[in-house]
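What follows is the residue order along each chain.
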Amino acid sequence: MKTALEQYDPQIFELIRQEEARQSGSIRLIPSENYVSKAVMQASASCMTNKYAEGYPGRRYYEGQQVTDLIEKMAQQRVKKLFKADHANVQPYSGSVANLGAYTALINPGDTIMGMSLIHGGHLTHGWKVSVTSKFFKSVPYPVSTETGRLDFNVIEELAKEHRPKVIISGATAYPREIDFEAFGTIARDVGAYHVSDIAHIAGLVVAGIHKSPVPYADIVSTTSHKTLRGPRGGMLLCKKEHADAVDRAVFPGLQGGPHMHTLTAIAVAMAEADTPEFVAYAKQVVKNAKALAERLLEHGFNLVSGGTDNHLILLDLRNKNVRGKKVAKALDRARIVTNYNTIPGDPSPPADPSGLRLGTPAITTRGMKEPEARQIADFINTVVENIDNEAVIQNIGKEVLLLCSQFPVPEHFIIPNKHNAASSR
Ligand code: DSN
């Protein structure tokens, strides 16, 4: 029987089907992407999309909140438990809005923020020059060491003492090493700054206990709910009790109107999934796969920023291969390996055509791939780079990728036992 979408809009239905085929027939190595479970997908595509719910549970501006209040409270409770946080706001539409919410909860326009420079691995919203976060606030970016590829806390401390920011941001989008959140907290305290930690990339590793949580050391923790956390596309803020009202006011009515209840509902489901031993095993495998991929790439003579990885991502410095990231990313895409070109610390080339390539393992791990497949993928990448102008070789790798993908189908129906409600685990 045809679905309603297929009947009503066959063209869009077909395009979605094509995207499904692309996602299943390619090796997705963009570290911020993943596959959600069927349960998360169902919650996201539910009637919750029909409901406006401006405000917070028990304090809404529209009636008809009998169910939304219950769901939002469940989402908050699950997030608080998972991250061991005093307070959780699950309404931000995205990580970018969550970050802006964190800053506006703590400081005023014109105040100084200090975050990792975008070209060294930070996010746009950590104060990069084209982001409103550098227009509303004065931004002082900190670098990573161009020699080691790692954070240098002496440099960060010196910059903090010189510029006296009101907010110091820890966290990154392209940093392959574990971040010492306690050290950031100490520097922030010493210069009288608030500490905002953005763990969008590593949230899944934090809840699995693989990376140390910033919750004890940060005033506000910002995250997305997708990436390693494997939920729908959304944002969240966690904070200490003392900032709870300011955070809630910053998100609504400060930055947003009604929350996207379908996303918030799917976040609640994803948090139940993340609160399981199966998720912890998944997150551990994400890191093992990244290490296996990194080691094999090193064997092939690739240079890795910082020499390796502690998390779910790898940053390749392609300069010794005499080819830039964009050309490699496009060739890999033709070989059904999906990555993104990226700057490397101190990149002599511009962000639009940089020297690096960013790889990550959250999505391949969800498909059940392990170290042998990670190594095979490194071999594919090496063959493409070594044959960057040989389209026949690239197309051939595409066929091998398709074969590998067929052995690890997208687990559309993977279901993690829900310990919040054992009866619903089927
Ligand atoms: N765009 C995301 C990433 O790929 O890292 C961050 O928001």
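Look up a bit, the structure's there.
Residues numbered from 1 in each chain as written. Predicted model: local features only at pLDDT ≥ 70, side-chain atom pairs only at ≥ 80, totals over all residues. Heavy atoms only, no water.

Asks: Help me out: how do you make sense of the overall build of the protein chain in this one?
Replies: Per the secondary structure count, the protein chain includes 16 helices and 15 strands. Relative to the 2.2 N^0.38 estimate, which gives 22 Å for 426 residues, the radius of gyration of the protein chain is 22 Å and therefore close to what a compact globule would have. Counting only C-alpha atoms, the protein chain reaches 65 × 60 × 40 Å along its principal axes. Evaluated residue by residue, the protein chain yields a buried proportion of 56% over its 426 residues. Counting contacts in the protein chain only where the partners sit at least 6 residues apart, residues at least 24 apart contribute 71% of the total. For the protein chain, the exposed area adds up to about 18500 Å²; of that, 52% sits on carbon and sulfur atoms. For the protein chain, the centre of its 48 positive side-chain charges and the centre of its 44 negative side-chain charges are spaced 2 Å apart. (Helix = DSSP H or I, 4+ residues; strand = E, 2+ residues; numbered from the N terminus. Rg over C-alpha atoms; globule rule 2.2 N^0.38 Å. Buried < 20%, exposed > 50% of the residue type's maximum accessible area, 1.4 Å probe, protein only. Contact = heavy atoms within 4.5 Å. Areas by Shrake-Rupley, 256 points an atom, 1.4 Å probe, with all protein chains shown as cover. Lys, Arg positive; Asp, Glu negative; His and termini not counted. Charge placed at Lys NZ, Arg CZ, Asp CG, Glu CD.)

Asks: I tried to follow a nonpolar patch on the surface on my own but got confused; where do I start?
Replies: Together, Leu5, Ile12, Leu15 and Ile16 make up an exposed nonpolar region whose accessible area comes to about 330 Å². At three residues, the largest contribution of residues to the nonpolar patch is made by helix H2 (residues 10-24). By secondary structure assignment, the location of Ile16 is in helix H2. (Patch = residues over 30% accessible without salt bridge, like charges linked within 9 Å, V, L, I, M, F, W, Y side chains within 5 Å. Salt bridge = Lys/Arg side-chain N within 4 Å of Asp/Glu carboxyl O.)

Asks: Even after reading the chapter, I still don't get helix H5 (residues 95-106), so can you show me in this structure?
Replies: The α-helix winds at 3.6 residues per turn, so residues separated by three or four positions along the chain end up facing the same way. Over its twelve residues, H5 runs 17 Å from end to end, which matches the ideal 16 Å to within 8%, given 1.5 Å per residue. Within H5, nine of the twelve residues are buried, which leaves the element mostly enclosed by the surrounding structure. Listed as buried for H5 are Gly95, Ala98, Asn99, Leu100, Gly101, Ala102, Tyr103, Ala105 and Leu106. Two or three places before Ser96, at the start of H5, stands the capping residue Ser94, its side-chain oxygen 3.3 Å from that residue's backbone nitrogen. (Expected span 1.5 Å × (residues − 1). Polar contact = N/O pair within 3.5 Å; in protein donor to acceptor, adjacent residues only side chain to side chain.)

Asks: Just checking my understanding: could you explain the site of the ligand for this structure?
Replies: The local shell around the ligand consists of Ser32, His123, Thr173, His201, Lys227 and Arg358. Between the ligand and His201, the relevant distance is 2.6 Å, taken from an oxygen atom to a side-chain nitrogen or oxygen of the residue. Against a free-state accessible area of 240 Å², the protein chains account for coverage of 64% of the ligand. Residues that form the shell around the ligand fall into these classes: no nonpolar, four polar and two charged. (Near = heavy atom within 4 Å. Nonpolar A, V, L, I, M, F, W, Y, C, P; charged D, E, K, R; others polar.)

Asks: Sorry if this is basic, but what is going on with the packing of helix H15 (residues 371-386) against helix H16 (residues 391-407) here?
Replies: Geometry of a packed helix pair, given as the angle between the helix axes and the separation of the axes. Running from N to C, H15 and H16 point in directions that differ by 165°, and their axes come no closer than 9 Å. With respect to H16, the axis of H15 lies roughly antiparallel. You can see that H15 and H16 cross each other, and the crossing is left-handed. Contacts between H15 and H16 involve Glu373, Gln376, Ile377, Phe380, Thr383 and Val384 from the former and Val393, Ile394, Ile397, Glu400, Val401 and Leu404 from the latter. A breakdown of the residues in the contact of H15 with H16 according to their chemical character gives eight nonpolar, two polar and two charged. (Axes fitted to C-alpha atoms, helices over the stretch in contact; angles between N-to-C directions. Parallel < 35°, antiparallel > 145°, perpendicular 65-115°, else oblique. Left-handed = near helix turned anticlockwise from the far one by under 90°.)

Asks: Could you clarify how one ought to interpret the pairing of strand S7 (residues 167-170) in this entry?
Replies: The side chains of a regular strand alternate between the sheet's two faces. Here S7 shows a buried face lined by Val167 and Ile169 and a second buried face lined by Ile168 and Ser170. In the sheet, strand S5 (residues 112-114) pairs with S7 via two bridges, with the strands oriented parallel. Bridging from a neighbouring strand, Met114 pairs with Ile168 of S7. Alignment of S7 against strand S8 (residues 194-198), held across four bridges, turns out to be parallel. Following the sheet pairing, Ser170 is matched in S8 by Ser197. (Pairing = 2+ DSSP bridges.)

Asks: What is the right way to read the sheet that holds S8 from this model?
Replies: The strands making up a sheet are joined through hydrogen bonds of the backbone, oriented either antiparallel or parallel. Spatially, S4-S10-S9-S8-S7-S5-S6 is the arrangement adopted by the seven strands of the open sheet, whose pairing is mixed. Looking at which strands have only one partner, the edges of the open sheet turn out to be strand S4 (87-89) and strand S6 (138-139).

Asks: Just to check I follow, could you spell out the nonpolar core for this structure?
Replies: One finds Phe83, Leu151, Ile168 and Leu229 to be the most contacted residues of the largest nonpolar core, which totals 57 residues. Those elements that provide at least two residues to this core are helix H3 (38-44), helix H4 (66-83), helix H7 (153-163), helix H8 (181-190), helix H9 (203-207), strand S10 (235-239), helix H11 (261-274) and helix H12 (277-299). The leading source of residues in this core is H11, at eight residues. Membership of the second largest hydrophobic core comes to 36 residues, among which are Phe302, Val328, Ile364 and Ile381. (Core = buried A, V, L, I, M, F, W, Y, C linked by side-chain atoms within 4.5 Å.)

Asks: Help me out: how do you make sense of the pairing of strand S15 (residues 356-360) in this one?
Replies: With respect to burial, S15 is a largely interior element, five of its five residues being buried. What you see with S15 is no split at all: Gly356, Arg358 and Gly360 on one side and Leu357 and Leu359 on the other are buried throughout. In this sheet, S15 lies alongside strand S12 (residues 313-317) in antiparallel orientation, the contact comprising five bridges. Paired with Leu315 across the two strands is Arg358, which belongs to S15. Bridge analysis of strand S14 (residues 340-342) against S15 gives three bridges, and the strand direction is antiparallel. Across the sheet, residue Asn342 finds its bridge partner in S15, namely Gly356.

Asks: How do you make sense of the packing of aromatic side chains when you look at a structure like this?
Replies: For any pair of aromatic rings, the description rests on two quantities: the centre-to-centre distance and the angle between the ring planes. By the definition in use, this model includes seven aromatic pairs. With 5.7 Å between their ring centres and 20° between their planes, Tyr52 and Tyr62 make a pair best called stacked. Taken together, the residues span a long stretch of sequence, with Tyr52 in the loop between H3 and strand S2 (55-56) and Tyr62 in the loop between strand S3 (59-60) and H4 at a distance of ten residues. For Tyr52, a relative accessible area of 49% gives the class partly exposed. You can call Tyr62 partly exposed: its relative accessible area is 37%. Ring geometry for Phe153 versus Phe184: centroids 5.1 Å apart, planes at 75°, classification edge-to-face. (Phe/Tyr/Trp six-rings, centres within 6.5 Å; stacked < 30°, edge-to-face > 60°.)

Asks: Can you walk me through the side chain of Ser117 in this structure?
Replies: With respect to the element layout, Ser117 can be found in the loop between S5 and helix H6 (132-136). Here Ser117 falls in the buried class, since its relative accessible area comes to 7%. Leave out the neighbours within four places in its chain, and Ser117 touches Gly122, Trp128, Pro141 and Tyr142.

By themselves, these are just geometric observations and shouldn't be taken as functional.
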